[in-house]
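Survey of secondary and tertiary structure
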Amino acid sequence: MTVTEDRQVGAGRLRKEDARLITGRTQWTDNITLPGMLHMAILRSPFASARITSIDVSAALDRPNVVAAFTGADVADVQGSLPCAWPVTEDIVHPDRPPLAVDAVRYHGEAVAVVVARDRSSAMDALEAIDVDYEPLTPVLDLEEALADGSPLVHPDKGTNKSYTWIFDSAAAGTGTDAAAADAEVVIERRYVQQRLIPAFMEPRSVIVDPGAGEYTIWSATQIPHILRVFYALLTGTPEHKVRVIAPDVGGGFGGKLQVTPEELITFMAARRIGRPVKYTETRSDTMLSAHHGRDMIQDVRLTARRDGTVTGISVKLIANMGAYLGLVGPGVPILGAFMYNGIYKFPAYRFECTGVFTNTVITDAYRGAGRPEATYALERAMDDLGVELGLDPIEVRRRNWIKKEEFPFTTVAGLVYDSGDYDAATAKALALLGYDKLRAEQADRRASGDPVQLGIGTSTYTEMCGLAPSRILGALRYAAGGWETAAVRVLPTGKVEVVTGTSPHGQGHETAWSQIVADELGVDFDDVEVLHGDTRSSYKGLDTYGSRSLAVGGIALVEACRKVRDKARTVAAHMLECSPDDLEFTGGAFRVRGTPDAAKTIADAAFAVFAAHDLPDGIEASLDADATFDPQTFSFPHGTHLCAVEVDTRTGRVDIRKYVAVDDVGKVINPTIVEGQVHGGVAQGIAQALHEEAVYDESGTLVTGSFVDYTPPTAADLPDIVADRTETPATTHPLGVKGVGEAGAIAATPAVVNAIVDALRPFGVRDVPMPCTPERVWRAIRAGGAS
Amino acid sequence: MIPVAFDYLRASSVDEAVAALAGAGEDAKILAGGQSLLPVLRLRLSAPSLLVDLGGVPELRGVREEGDSLVIGAMTTHDEVSTSPLVRQFAPLLATMAATIGDRQVRHRGTLGGSLSHADPAADMPAAAAAVEARYVLAGPNGRRVVPASDFAVDLFTTALGDDEVLVEVQVPKLEGWGSHYEKFHRMVQAWAIVGVAAMVRRDDGAIASARVTLTNMGPTALRATALEQALAGCAADRAAIEQACAVAAEGTSPRDDLTASAEYRRHLVQVLAGRAVAAAAGV
């Protein structure tokens, strides 16, 4: 007989979780109702900085259906401080962050009091009966002014608005950026501003805390149920084994749900005080005000080079806005970028210095890419400017500097070892897909004819570090936890398979991709695999989903667990077939005796034999399951070339993306449909940063982009068609060859778009347009450019 | 968010609605399509004690001919306005502009009367009604009165409607032989206009015989660009001449500075957009 392989890995299967996610007929946290459940509403500060001189909730208690109301002062001795798991330096200034403000508020939207009622409307109505007297203070809003002498202080007891300064300097290893600058033939010095963004996940956050008899069950729309469980135990004094955290289906996160939130802890305190289940579901307005924001930093960059285009060094000075407190991983976000300011290029000198600063704004923390988009933006913008300075095509100046295929593994100036990549191949493909030469010719024609609509082409040749993260490196960077991931695989008596993963999907499609991997590893049907996740009772161990880590770390753990199961099944099958395990090969979904392929046993056969346990080989336990934990030795490094062609109406400043090409190399691909979806979503968010989105606080510290009317994420109708293609250079550092794709689009797209706009407007003397590049800003840049 | 509690009356006739409004005073609000009112209620920016829903009044919905006019019921949705054969024949600018509003869902809920009565300077239909010189029919406790477009919008979110009056319908003079166009400039496809310019042009061979130009979001109400209309009368129907005339497009306007755009930028933009709108309406 012929044995055929029906490979699932690599197939563009539709996602098995989508029907329930798209119809909403599932357990979103807010869909869950418990017997006797109460509803909480939160009163938030209208001021950016104020002392609370008095606060009285007694009138709220008299409102209909109200069960309880309390303030920060009422829980001051039990509420503790929200955690920062990444104190990046030894001397970091790390202020307490109470879930409920006690005597001062430090950002617009900070929680000051709560009402718990029998229904949500009554809770919201009763908020209006709470009487708070504030003594407003001058807020600290500007990053540079915050660092100046005499600035008001966000935390007066700390004596400074500076949280930390973190430095990397290649001079320690021999080559310094000052030496490179002294010898430089070309110096590109630029300031870029990463505007503040709001993650804008689709499902607002929601949490339910059910206080059972001495044990707590917590449902939360979070990315990190496992990490949350640890912190719930540490922060509330509840023994960890009495805390069960469930992240049911979660509607997006983008890093925005990688947080231990005030709301989660306040809901816990309410449920503990009252002794009944309490739910808090935020409104979109709450999300905008109080969920952490992203980006928000000033980047001063100095790129040095020789006239032949060879880059000799880069020096980067950041001021990063932490907001009013330190978020869970907030201080570390710019540090993740520190390893990426060299990108795909080889040069000997690099200095990075980041100062984290407190302001009277909501905290910043991880947002899709977390540090890497900012780094890529600064580098790729500067590379374009270098090309212009030298009269070199932007592709050519990059090519002269990037690491060649044969130079891998390559140790970068930032100290990482890139295992693999093929920048020439990805770029060649992207250029062909865009029709680069033809568009350049059209650009020249439009320039020559003075067309009011100018054409620009933007390039972004990016890499990123995925697969967060090797635990030893995290330790060296002072991160509190590790970066391993775990998976368990159990084959049920009828041959169906349950997988327990420590990753916590919130839209990524793990159930589908994990099923494809298991189907191939164990030779079972795709539909016969069930993936369990997000409940610390079934999945007791894991480090959750962020940083493009789930497949690149959790996927490897899954493969290793599958192989343990397969090895055991092989022993059982050999016993059943009365041969040596070495005589068996695993093909076409079954163990077959070499040379006699009809003598075969499937995993299901072995599973039932193990279940019956009537005749097992000596020393084999009656179970067909295994788990594995994988701690990566290094990161993975996807890369790619994104090209964007824009038309700029020079009379109105309007930018239209005419064509967007994304060629990504994410290593081996489990499911190309999911990969393409990730690229589309990431590119959409990258374009959004370039053109549309900005969180704005006015001079009083009031968030004025508090709804989607003013904070404008693009809809499908605002976005171009995206040509997404791939090259495939497998990772060499683990058995699956995958690299990660969750953040690539968001990292690559922003500089591609802005470079395109600036490219279109070079004849007008334009060198920069601040993000987001709104029509008015483009128009003003043209007017300020000095050319006619 | 959840609105503050309110009473709700689904009126079955205009008279019933008027009586309810008269009884409730300023605390009552009319609910038409709800596309502006409901967000305001949900954000608790407004807390009326009574909502009078006009959705159950059949006479308020639909388009009919009455002599030299089209009559469009106040509860006619933007989608119905944009697809009505009568509107497309006799007042195509209304159909064009209604089709640019929000998204498909909004156009199926939002109504012409609701938009005109809300009088948001960033909304499209007030400028459309001004361009076609619509007349507004208002019903109150003392019967009905007719108000010309120029007198209906008074100020930001303020109209000639009394607290106890309901906008019943608008009368639109039938016009044929005019070209029309709307240039709507917005950052997001579904957003309000930063600036919009509606133009209607009647040509006399190579020249513009007559032009009407109205502006969205260039002042507290939709504005008629009278200086530009005068400059266009008799102007050659070619792009250069039109653009030259449009240098006065911002005259008499008072645009605001806000998060989306500065007043200065709006004054610049209106000239560019007027040039494009008039040229398109003139067929050049």
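Please read all numbers here as calculations on a predicted model, not as lab measurements.

The next thing to look at is unusual backbone geometry. That bond from leucine 468 of chain A to alanine 469 of chain A is cis: its omega, -5 degrees, falls within 30 degrees of zero. With respect to the secondary-structure elements, alanine 469 of chain A resides in the loop between β18 (453-463) and α14 (471-476). Residue proline 772 of chain A follows methionine 771 of chain A across a cis peptide bond; omega there is -10 degrees. By the secondary structure assignment, proline 772 of chain A is in the loop between α19 (744-761) and α20 (775-784). Even without being a glycine, asparagine 65 of chain A presents a positive backbone phi close to 70 degrees. Examined against the element boundaries, asparagine 65 of chain A turns out to sit in the loop between α2 (58-61) and β3 (66-71). Its identity as a non-glycine residue notwithstanding, asparagine 217 of chain B has a phi of 65 degrees, on the positive side. Its relative accessible area of 3% is what places asparagine 217 of chain B among the buried residues.

Residue and element names in this part refer to chain A. Looking at the assigned domains, one finds that chain A contains domain 1 (417-465 + 637-788) and domain 2 (484-630). Using only C-alpha atoms to locate each centre, domain 1 and domain 2 end up separated by 41 Å. Both sides together, the interface formed by domain 1 and domain 2 hides about 1,100 Å², and carbon and sulfur atoms give 67% of it. Among the residues of domain 1 in contact with domain 2, Ile670, Pro735 and Leu736 are the three that bury the most area, contributing 42% of the side total. Counting across the interface, domain 1 meets domain 2 through zero salt bridges. Residues of the side of domain 1 that touches domain 2, tallied by class, amount to six nonpolar, five polar and three charged.

A few words on the UniProt feature "domain: Aldehyde oxidase/xanthine dehydrogenase a/b hammerhead" (unreviewed entry) in chain A. Per the UniProt annotation, the sites labelled "domain: Aldehyde oxidase/xanthine dehydrogenase a/b hammerhead" (unreviewed entry) are residues 23-138 of chain A. Annotated as 11% helix and 30% strand, the span residues 23-138 of chain A places its first and last C-alpha atoms 47 Å apart.

Turning our eyes to something else, we now look at the nonpolar core. Tyr232, Tyr350, Phe352, Leu386, Tyr660 and Ile757 of chain A are the most contacted members of the largest nonpolar core, which has 156 residues in total. One finds Ala487, Val518, Leu616 and Val738 of chain A within the second-largest nonpolar core, a separate group that totals 45 residues.

Residue and element names in this part refer to chain B. Splitting chain B by domain gives domain 1 (7-53), domain 2 (58-173) and domain 3 (179-281). On a C-alpha basis, the centres of domain 1 and domain 2 stand 18 Å from each other. Taken together, the contacts link 12 residues of domain 1 with 19 residues of domain 2. With both sides pooled, the region where domain 1 packs onto domain 2 buries about 1,100 Å², and carbon together with sulfur makes up 72% of that total. For the domain 1 face of the interface with domain 2, the top three residues by lost area are Val14, Val18 and Gln35, together amounting to 42%. At the junction of domain 1 with domain 2, the criterion picks out zero salt bridges. Taken together, the links from domain 1 to domain 2 amount to zero residue pairs in polar contact (both at pLDDT 80 or more).

Each value, and the rule that gives it
Residues numbered from 1 in each chain as written. Chains lettered and ligands numbered in written order. Predicted model: local features only at pLDDT ≥ 70, side-chain atom pairs only at ≥ 80, totals over all residues. Heavy atoms only, no water. Helix = DSSP H or I, 4+ residues; strand = E, 2+ residues; numbered from the N terminus. Buried < 20%, exposed > 50% of the residue type's maximum accessible area, 1.4 Å probe, protein only. Domains from an automatic or database assignment. Buried area = accessible area lost by both parts, 1.4 Å probe. Salt bridge = Lys/Arg side-chain N within 4 Å of Asp/Glu carboxyl O. Nonpolar A, V, L, I, M, F, W, Y, C, P; charged D, E, K, R; others polar. UniProt positions renumbered as here; feature names shortened; annotations may be inferred. Core = buried A, V, L, I, M, F, W, Y, C linked by side-chain atoms within 4.5 Å. Contact = heavy atoms within 4.5 Å. Polar contact = N/O pair within 3.5 Å; in protein donor to acceptor, adjacent residues only side chain to side chain.

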